[in-house]
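Here is what each chain is made of, one letter per residue.
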Amino acid sequence: MTAESLDEVAFDVERGKIREFARATGATDPVHTDRGAAQRAGFGDVPATATHVVVAGHHRDQRAFVAELGLAFERVVVGSVKWIYHRPLLAGDALRGVRRVAEDVRKKGMRFVTLETEYLDAEAEPVVVLHETLIERGDQQ
Amino acid sequence: MRAPVAVRPGTSLPAREVGPVTQTHVVRFAGAGGDFNPLHHDPEFARSAGFPGVLAMGQMHAGMLAAWLTDWAGVEHLREYEVRFAAPVFLGDTLLFSGEVRSVDNGLAELQLTATRGEDAVLRARAAVVTG
């Protein structure tokens, strides 16, 4: 199962969504909302805030892939999330996210599944890699 | 690019207080992020799932902590951000974000970050940012 591709998502990074997400997370750096400020800071266009790719998570059918992994949806919680950045996401980026199972282990009656999604830009260069560790609580505990 | 922040081990980040968390915060994040799980906006549904009321998405306060970090460090200087969810956040909670530089190696600062509600940690996070 490891290294097998689970699914793919196409994700366009949009200026309006960056603004909306920046406001929802209380970001005060004007580079996220003001193109002039972004350009003065050296960006080609407005950069997204650090956790912006969470937007793409909801373009996917989360229940279907949880079922595909053999996890019980009602007993799954997200334990941790990690982002590894090669560069900031910029408005105008057209990204492709490829998700794989990076790790699948059982500890103390619980199952820990780590999913890795690598987001590549139009030149197929990696932009950000996302790791999400799902914890399935045991049904006997 | 903007100059990276200059830090040393032990440097503290300027703290940020967020809240009290309102239903408007949660709904605004739902609209921005696309998470319409009723646990986050339907109090009856949340109670039927065993919670005292609606809870914020973990990604909401994870995103708020990250925004606080990059307002300080500059988003172009962020290399890694990792967050662990320690406790749920409910309406009315006020969160305090704090952090400290643990080490500096090869121009990269390793930070330890926490979001607390009173005495309780709700998020434990770490980050690596480029430092000058």
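Above this text is the structure in question.
Summarised in this report is the structure supplied together with it. Remember, it's a predicted structure, so these values are computed and weren't measured experimentally.

All names here are of chain A. Within the element layout of this structure, R99 appears in strand β3 (residues 94-107). Overall, R99 belongs to the buried group, its relative accessible area being 0%. A polar contact of 2.7 Å, which involves the side chain of R99, links it to the side chain of D7.

Let us now look at the interface of chain B and chain A. Counting residues at the interface gives 30 residues for chain B and 32 residues for chain A. Here chain B meets chain A over a buried area of about 2700 Å², counting both sides, of which 58% is carbon and sulfur. Together, B:A32, B:Q59 and B:V75 form the three largest contributors to the area buried by chain B at its contact with chain A, with a combined 19%. One can count one salt bridge joining chain B with chain A. A:D29 is the salt-bridge partner of B:R2, the closest N and O atoms lying 3.0 Å from each other. Where chain B meets chain A, there are 10 residue pairs in polar contact (both at pLDDT 80 or more). Looking at the side of chain B that touches chain A, the elements with two or more residues in it are α1 (23-33), α3 (58-73) and β2 (78-85) of chain B. In terms of residue count, the dominant contributor to the side of chain B that touches chain A is α3(B) (nine residues). Judged from the five bridges that link them, strand β2 (residues 76-85) of chain A and β2(B) form a sheet pairing that is antiparallel. In the sheet register, A:K82 faces β2(B), and the bridge partner there is B:E82.

Right, let's talk about the packing of α1(B) against α3(B) for a bit. Residues and elements named next belong to chain B. At a minimum axis distance of 10 Å, the contact between α1 and α3 shows a crossing angle of 90°. Here α1 lies roughly perpendicular to α3, going by the angle between them. Counted together, H25, V26 and F29 of α1 and Q59, M60 and M64 of α3 form the full contact between these two elements. Looking at side-chain class alone, the contact of α1 with α3 contains four nonpolar, two polar and no charged residues.

Rules used throughout
- Residues numbered from 1 in each chain as written.
- Chains lettered and ligands numbered in written order.
- Predicted model: local features only at pLDDT ≥ 70, side-chain atom pairs only at ≥ 80, totals over all residues.
- Heavy atoms only, no water.
- Helix = DSSP H or I, 4+ residues; strand = E, 2+ residues; numbered from the N terminus.
- Buried < 20%, exposed > 50% of the residue type's maximum accessible area, 1.4 Å probe, protein only.
- Polar contact = N/O pair within 3.5 Å; in protein donor to acceptor, adjacent residues only side chain to side chain.
- Contact = heavy atoms within 4.5 Å.
- Buried area = accessible area lost by both parts, 1.4 Å probe.
- Salt bridge = Lys/Arg side-chain N within 4 Å of Asp/Glu carboxyl O.
- Pairing = 2+ DSSP bridges.
- Axes fitted to C-alpha atoms, helices over the stretch in contact; angles between N-to-C directions.
- Parallel < 35°, antiparallel > 145°, perpendicular 65-115°, else oblique.
- Nonpolar A, V, L, I, M, F, W, Y, C, P; charged D, E, K, R; others polar.

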